[in-house]
Amino acid sequence: MIVNNQTALMGIIGNPLEHSLSPLMHNFTLAKMGLNYVYLPLQVAPDFLRASLDGLRALNFIGVNVTIPYKKEVIQFLDELSPEASACEAVNLIKNENGHLIGYNTDGRGFMASLEEEGIQSIHRVIMIGAGGAAYSLAYELSLAGAEQIDILDIEQDKAAALANFVNQLPGGKAAGMRMNEKLFIHLSAQADLIINCTPVGMFPNIEATPIGSFDKVPGAAVIYDLVYNPLVTRFLAIAGARQLKTINGSSMLVHQGALTLKILTGVQPPLAYMREVILNNCQRC
Ligand code: NAP
């Protein structure tokens, strides 16, 4: 990569960022596409979120991804939201159009594309563990796709209830929000056909952690999905795998949402297979 005075700037803002493979995936892919862009990790402390967005304008960044913990908080500082970001009340991508910051959300569509790729078409009962920024976009898409019931468990009752309330206001949406507790999870899991870890629990460097210790009551046909992609096999997925349940890790969603990001920021369709190859090659070291 040659950085010169024509190089366009992209990046990711979040805190912490040590887990993120986005800089690696995007820099390899931009080089493969022959584009003179660079994608930087931009760790932002909470008190500097607003200042960091002014910095994007000042330094003429073309756009940045947004990750934990800022997907909702960032909205108040933006000039415009895409219909999806507005509907799911979370932003994972900001495009800078001459100082006008537009928030997008590619997480939900990336997640649905990953389900489609795995041949998963109909979803009836879902359990979502964690009710943060990513969970909103998934709940939004799952609800639109016809999920009959979404049970949401978060360590904070208020957050679970707020997400359930959001889903219940969508056309056909049906959800319940509860405080996370293993006994309740075991009870609900007996009916579930998709269980998703939407928390960072188990993510590098805390790889021994898991939000759930047992999938014993889960039906054999259920799918267990972890949004975490670093490591590829989290403890959450390893426990499910030991019971021979179908598991999906976060790498496929990462690739799909990343491809949508590049399309929005550069206008060019990126090479999906190459992006996947970069992630899988580098995740072997995760
Ligand atoms: P977030 O906004 O921090 O939300 C996580 C939520 O889970 C918070 O409400 C948190 O509560 C709650 N939580 C934490 N520990 C819990 C537990 N043991 N049981 C139940 N709830 C718990 O994070 P996010 O932006 O939604 O991201 C969540 C994860 O998804 C991260 O690991 C992120 O890297 C991953 N992700 C992956 C992709 C991908 O492409 N694969 C895309 C988006 C996100 P507190 O706030 O009180 O801790």
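Structural data are supplied above this passage.
Quick summary incoming for the structure in this document. Nothing here was measured: the structure is a model prediction, and the numbers come from that model.

1. With respect to the packing of helix 4 (residues 107-117) against helix 9 (residues 251-266)
It is the contact of helix 4 with helix 9, at a shortest axis distance of 8 Å, that shows an interaxial angle of 130 degrees. Between helix 4 and helix 9, the angle is such that the two are oblique. Handedness of the crossing formed by helix 4 with helix 9: right-handed. Contact with helix 4, carried on its side by D107, R109, G110, F111, A113, S114 and E117, involves S252, M253, H256, Q257 and L260 of helix 9 and no other residues of that element. Of the residues contributing to the contact of helix 4 with helix 9, the split by class is four nonpolar, five polar and three charged.

2. Here we look at the sheet that holds strand 12 (residues 246-248)
An order of 9-8-7-10-11-12 is seen for the six strands of this open sheet, with the pairing classed as parallel. Single-partner strands in this sheet number two, and they are strand 9 (175-179) and strand 12. Neighbour-to-neighbour, the strand axes of the sheet open up by a mean angle of 15 degrees, direction not taken into account. Judged from the five bridges that link them, strand 7 (residues 125-129) and strand 8 (residues 149-154) form a sheet pairing that is parallel. For V126, the partnering residue across the bridge sits in strand 8 and is I150.

3. Some details on the site of the ligand
With respect to spatial proximity, 28 residues lie near the ligand, and among them I68, A134, D154, E156 and K159 are the closest. Residue G133 places a main-chain N or O atom 3.1 Å away from an oxygen atom belonging to the ligand. Taking 930 Å² as the accessible area of the ligand by itself, protein coverage stands at 85%. Of all the elements in the fold, those that place two or more residues in the shell around the ligand are helix 5 (133-144), strand 8 and helix 9. Ranked by residues supplied to the shell around the ligand, first place goes to helix 9 with three residues. Within the shell around the ligand, the residues separate by chemical class into 16 nonpolar, seven polar and five charged.

Definitions and limits used
- Residues numbered from 1 in each chain as written.
- Predicted model: local features only at pLDDT ≥ 70, side-chain atom pairs only at ≥ 80, totals over all residues.
- Heavy atoms only, no water.
- Axes fitted to C-alpha atoms, helices over the stretch in contact; angles between N-to-C directions.
- Helix = DSSP H or I, 4+ residues; strand = E, 2+ residues; numbered from the N terminus.
- Parallel < 35°, antiparallel > 145°, perpendicular 65-115°, else oblique.
- Left-handed = near helix turned anticlockwise from the far one by under 90°.
- Contact = heavy atoms within 4.5 Å.
- Nonpolar A, V, L, I, M, F, W, Y, C, P; charged D, E, K, R; others polar.
- Pairing = 2+ DSSP bridges.
- Near = heavy atom within 4 Å.
- Polar contact = N/O pair within 3.5 Å; in protein donor to acceptor, adjacent residues only side chain to side chain.
- Areas by Shrake-Rupley, 256 points an atom, 1.4 Å probe, with all protein chains shown as cover.

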